Structures are given as structure tokens and as C-alpha cells.
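Listed below are the residues making up each chain.
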Amino acid sequence: MVSTNINFRTDESTKSEAEEIFSQLGISMSAALNMFLRQVIIRGGIPFEPTTRPYNVETIRAIEEGHQIALDDSRRRFDSTDELFEELRS
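First, a word on what this report is: a plain description of the structure on this page. The structure displayed is predicted, hence computed values, not measured ones.

### Some words on the pattern of salt bridges
Thought 1: As enumerated under the stated definition, the model contains four salt bridges in all.
Thought 2: In this structure, Arg75 engages Asp72 in a salt bridge whose closest nitrogen and oxygen atoms are separated by 3.4 Å.
Thought 3: Judged by its relative accessible area of 26%, Asp72 is partly exposed.
Thought 4: Across the pair Arg76 and Glu83 runs a salt bridge, and its minimum N-O distance is 3.3 Å.
Thought 5: Residue classification places Arg76 among the partly exposed positions, given a relative accessible area of 48%.
Thought 6: Taking the relative accessible area as the measure of exposure, Glu83 reaches 26% and is therefore partly exposed.
Thought 7: In this structure, a network of salt bridges that share partners links the residues Arg76, Glu83 and Glu87.

Structure follows, in C-alpha cells:
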């Protein structure tokens, strides 16, 4: 097997945070990126689901709660923010 180099750019914070995690796992950045590339090959694509949904558990729960509230017909509805604030002040 012949080695080759791949160069890419990322911000310092991302690199630093990733290196810290890889260090805790006992692997190098190079090993981690090779693992990623091998998984791309094995799976025939990105080895995780790209999404715009936030990964923060608290945020995900808040979004899900908002969906439930929106579907709940027993909740009071407001036609404007003025109406909402008038209700809040009373």
C-alpha cells in the first residue's frame, strides 16, 4: 500500500477539540480520518446521516415539545404578538 497526503482546512477550535477527543480515545487525527474514510468506502457514502437538526439534546427536546404544543388543540392560539403580550400582562 502506498501512502498519500490529503490536505484540508478547518478552524483552529474544531481541530483542537477533535484532537482532544481523539487523544482521549488513544488515536491520532490521522487514524481517526482514516477510520472515517474507510467507513465511507464500506457504507458507500457518508457514515452518518447529514442533518440540519441540532444535536444538542436539550434543544431537540424543546423542538419536540414545541411540535406537541402546536398539535394540541386545547392550547390557546394568538393572532398576533400584540395579542399574546396583552394576555401575558393580564
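Next comes the rest of the description.
### Regarding a nonpolar patch on the surface
Thought 1: Nonpolar side chains collect at one region of the surface, where Ile6, Phe8, Leu33, Phe36, Leu37, Ile46 and Phe48 lie side by side and expose about 680 Å² of accessible area between them.
Thought 2: By the secondary structure assignment, Ile6 is in the segment before α1 (12-25).

### Description of α1
Thought 1: Counted at 1.5 Å a residue, the expected span for α1 with its 14 residues is 20 Å, and the 20 Å between its end C-alpha atoms agrees.
Thought 2: Taking the backbone nitrogen of Ser13 as reference, a side-chain oxygen 3.2 Å away marks Asp11 as the first, capping residue of α1.
Thought 3: Positive phi appears at Gly26, one or two residues downstream of α1, with a value of about 80 degrees.

### Regarding the layout of surface pockets
Thought 1: Looking at the largest pocket, its volume works out to about 440 Å³.
Thought 2: Surrounding the largest pocket, Met1, Val2, Ser3, Thr4, Asn5, Ile6, Phe8, Ser30, Leu33, Asn34, Phe36 and Leu37 form its lining.
Thought 3: Residues belonging to the lining of the largest pocket are distributed by class as follows: seven nonpolar, five polar and no charged.
Thought 4: Empty space within the second largest pocket amounts to approximately 160 Å³.
Thought 5: Forming the walls of the second largest pocket are Phe8, Thr10, Thr14, Lys15, Ala18, Phe22, Met29 and Leu33.
Thought 6: If you list the elements that add at least two residues to the lining of the second largest pocket, you get α1 and α2 (29-43).
Thought 7: Per-element accounting of the lining of the second largest pocket gives the leading share, four residues, to α1.
Thought 8: Here the lining of the second largest pocket is built from residues that sort into five nonpolar, two polar and one charged.

Here is what the cut-offs are and how they apply
Residues numbered from 1 in each chain as written. Predicted model: local features only at pLDDT ≥ 70, side-chain atom pairs only at ≥ 80, totals over all residues. Heavy atoms only, no water. Salt bridge = Lys/Arg side-chain N within 4 Å of Asp/Glu carboxyl O. Buried < 20%, exposed > 50% of the residue type's maximum accessible area, 1.4 Å probe, protein only. Patch = residues over 30% accessible without salt bridge, like charges linked within 9 Å, V, L, I, M, F, W, Y side chains within 5 Å. Areas by Shrake-Rupley, 256 points an atom, 1.4 Å probe, with all protein chains shown as cover. Helix = DSSP H or I, 4+ residues; strand = E, 2+ residues; numbered from the N terminus. Expected span 1.5 Å × (residues − 1). Polar contact = N/O pair within 3.5 Å; in protein donor to acceptor, adjacent residues only side chain to side chain. 1 Å grid on protein atoms, 1.4 Å probe; cavity = no way out; pocket = protein on both sides within 12 Å on 5 of 7 lines; lining within 4 Å. Points joined across faces, edges and corners; volume = space filled by probe spheres on them. Nonpolar A, V, L, I, M, F, W, Y, C, P; charged D, E, K, R; others polar.

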